[in-house]
Amino acid sequence: MAAVVVPSKRCDSKSPFDLFVRGEIMHLKLFCTLCFLLVTINGCFGDDDHEMEEFLKREFSLSKPYQGVGSLGSSHWELMGDAMVTTEQVRLTPDMQSRQGAVWSRIPCHLKDWEMQVHFKIHGQGKKNLNGDGLAIWYTKERTQKGPVFGNMDNFTGLGIFVDTYPNEEKHLERIFPFVLAMVGNGSISYDHERDGRPTELGGCNAMVRNLKHDTFLFIRYVRRRLTVMIDIDGQHEWRDCLDIPGVRLPQGYYFGASAITGDLSDNHDIISLKLYQLTVLRSKKEEEEEDQDEVTVPSVDNMDLLRLGQSDEGMSGISIFFTVLFSMLGCVFLVVIGMVVYSQWNESRRKRFY
């Protein structure tokens, strides 16, 4: 009788415990992968900080003791109008009516990437909305030109950062003054006083800077054709975002300056220091070639029409912002709840399958 050979039983299927362990390992790997991606993304966003060094450029900076400022041939800075130098500040205007003054660099700046830190003070006897008019920081082709735009000429060519302390357009009650805003001019764009510069502004923020006991600062950075403005006005030594606009094209070789003006209302407008830093930013060879081929000769802003479109809806900003935030929060809560329910059901089905 032939022997019956019974094949040995191979256990190809895994036990529930093995499957559970394998599943947990897969989840651990997925978690580690997500952590790695988050760290990588964070590193990408921080590239500018890691690849950038700054160097103080004294020839473009103004600080105590203001030695020789305003005198011919002995300083890099020139005074004009009612500006005067004291031991504590360069006073652009005193707290008197119908005054204007400025301080301008005599040397054109040919830096590609730079950062300006402005230590300033605005104070006076006038009560709220009974003071004016404000000060401006400039990077322009023209210099030492008197005019109506915070003590400088209208139709300027370059960049202006304005600290506007008086509201001319009273119907826009949602904008709180003082207000910081930026404008880029090409020599043919006029600043609209009656509308507080709204038609041509790139963006801005409110900044309660008058009659403060602590120091107030303005931060202006121009890197890779991106303009960033921040303020430090709370006495906490912390920068607060004001505006961040890409696609800002500024030629090299313009002049830095600061100016202020008073009218029927007045304030003391003081500059304590202007400190300019050269930023060395690492660029790829391709980026350098593209920038060399696309040399900027006239100041401009990419997608300016989109910026103006966003500003045209500002009249209903209070209500729209409230409902936008409200519905965004409700949407986030809804997504979190749905995610928790789906995860709970998936986890329960997985446990039943294994056990």
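Residues numbered from 1 in each chain as written. Predicted model: local features only at pLDDT ≥ 70, side-chain atom pairs only at ≥ 80, totals over all residues. Heavy atoms only, no water.

The name an unreviewed UniProt entry assigns to the protein chain is Lectin, mannose-binding 2-like a, from the organism Kryptolebias marmoratus.

A closer look at the overall build of the protein chain
Looking only at helices and strands, the protein chain has five helices and 17 strands in total. Here the protein chain holds 355 residues, and the buried ones make up 40% of them. When contacts within the protein chain are restricted to residue pairs at least 6 apart in sequence, long-range pairs at least 24 apart make up 72% of them. Here the protein chain has roughly 21,000 Å² of accessible surface; of this, 57% comes from carbon and sulfur atoms. (Helix = DSSP H or I, 4+ residues; strand = E, 2+ residues; numbered from the N terminus. Buried < 20%, exposed > 50% of the residue type's maximum accessible area, 1.4 Å probe, protein only. Contact = heavy atoms within 4.5 Å. Areas by Shrake-Rupley, 256 points an atom, 1.4 Å probe, with all protein chains shown as cover.)

A look at the state of the cysteines
Per the counting criterion, the structure on display carries one disulfide. Each sulfur of the disulfide joining C205 and C242 lies 2.2 Å from the other. Here the disulfide of C205 and C242 is left-handed, its torsion about the S-S bond being about -105°. Highlighted residues: C205 in strand β10 (residues 201-206) and C242 in strand β13 (residues 240-246), separated in sequence by 37 residues. Taken as a pair, C205 and C242 share a single burial class, namely buried. (Disulfide = S-S within 2.5 Å.)

A few points about unusual backbone geometry
A cis amide bond, omega 5°, links K64 with the succeeding residue P65. When you line up the elements, P65 lands in the loop between β1 (52-56) and β2 (77-81). Cis geometry marks the peptide bond from F177 to P178; its omega dihedral reads 0°. The topology assignment puts P178 in the loop between β8 (157-164) and β9 (179-186).

Notes on the sheet that holds strand β7 (residues 134-140)
Strand order in the open sheet formed by seven strands is β2-β5-β15-β7-β8-β9-β10, with antiparallel pairing between adjacent strands. Edge positions in the sheet fall to β2 and β10, since each has one partner strand and no second. The sheet shows a mean angle of 15° between the axes of neighbouring strands, direction not considered. Alignment of β2 against strand β5 (residues 100-105), held across five bridges, turns out to be antiparallel. Bridging across to β5, M80 finds its partner in A102. (Pairing = 2+ DSSP bridges. Axes fitted to C-alpha atoms, helices over the stretch in contact; angles between N-to-C directions.)

Digging into the pairing of β5
The buried fraction of β5 is high, at five of six residues. Where β5 and strand β15 (residues 255-261) come together, five bridges link them in antiparallel fashion. Counted as the bridge partner of Q100 is I261 from β15.

Quick look at a negative patch on the surface
A surface patch of negative charge is lined by E287, E288, E289, E290, D292 and E295. Considering the arrangement of structural elements, one finds E287 in helix α3 (residues 285-293). (Patch = residues over 30% accessible without salt bridge, like charges linked within 9 Å, V, L, I, M, F, W, Y side chains within 5 Å. Salt bridge = Lys/Arg side-chain N within 4 Å of Asp/Glu carboxyl O. Lys, Arg positive; Asp, Glu negative; His and termini not counted. Charge placed at Lys NZ, Arg CZ, Asp CG, Glu CD.)

A few points about the pattern of salt bridges
In total, this model carries 17 salt bridges according to the counting rule given. As a salt-bridge pair, R226 and D244 come within 2.9 Å of each other at their nearest N and O atoms. With a gap of 18 residues between them, R226 in strand β12 (residues 226-232) and D244 in strand β13 connect regions that are remote in the sequence. Connected through shared salt-bridge partners, K112, D113, R283 and E291 make up one network.

A few points about the side chain of T93
Position of T93 relative to the elements: it lies in strand β4 (residues 90-93). Look at T93 and you get buried, because its relative accessible area is 0%. For T93, the side chain forms a polar contact with the main-chain oxygen of D267, separated by 3.2 Å. Only 2.7 Å separates the side chain of T93 from the side chain of H269, close enough to count as a polar contact. Among all residues touching T93, those that are not within four sequence positions of it are R99, Q100, G101, A260, I261, T262, D267, N268 and H269. (Polar contact = N/O pair within 3.5 Å; in protein donor to acceptor, adjacent residues only side chain to side chain.)

Things to note about the nonpolar core
By size, the foremost hydrophobic cluster in this structure holds 50 residues, and its most contacted members are W114, I137, V180 and L218. Sequence-distant contacts of I137, that is, excluding residues within four places in its chain, are made with V118, L159, G160, I161, L218, I220, G257, A258, I271 and L274. Counting residues in each nonpolar core, the second largest holds 15 residues, with A102, W138, F156 and Y191 among its members. (Core = buried A, V, L, I, M, F, W, Y, C linked by side-chain atoms within 4.5 Å.)

Things to note about the environment of Y254
As for its position among the elements, Y254 is in the loop between β14 (248-249) and β15. Placed 144 residues apart in sequence, Y254 and H110 show a C-alpha to C-alpha distance of 7.4 Å. In this structure Y254 touches I107, P108, C109, Y139, T140, K141, T157, G158, T297 and P299, once residues within four positions along its chain are discounted.

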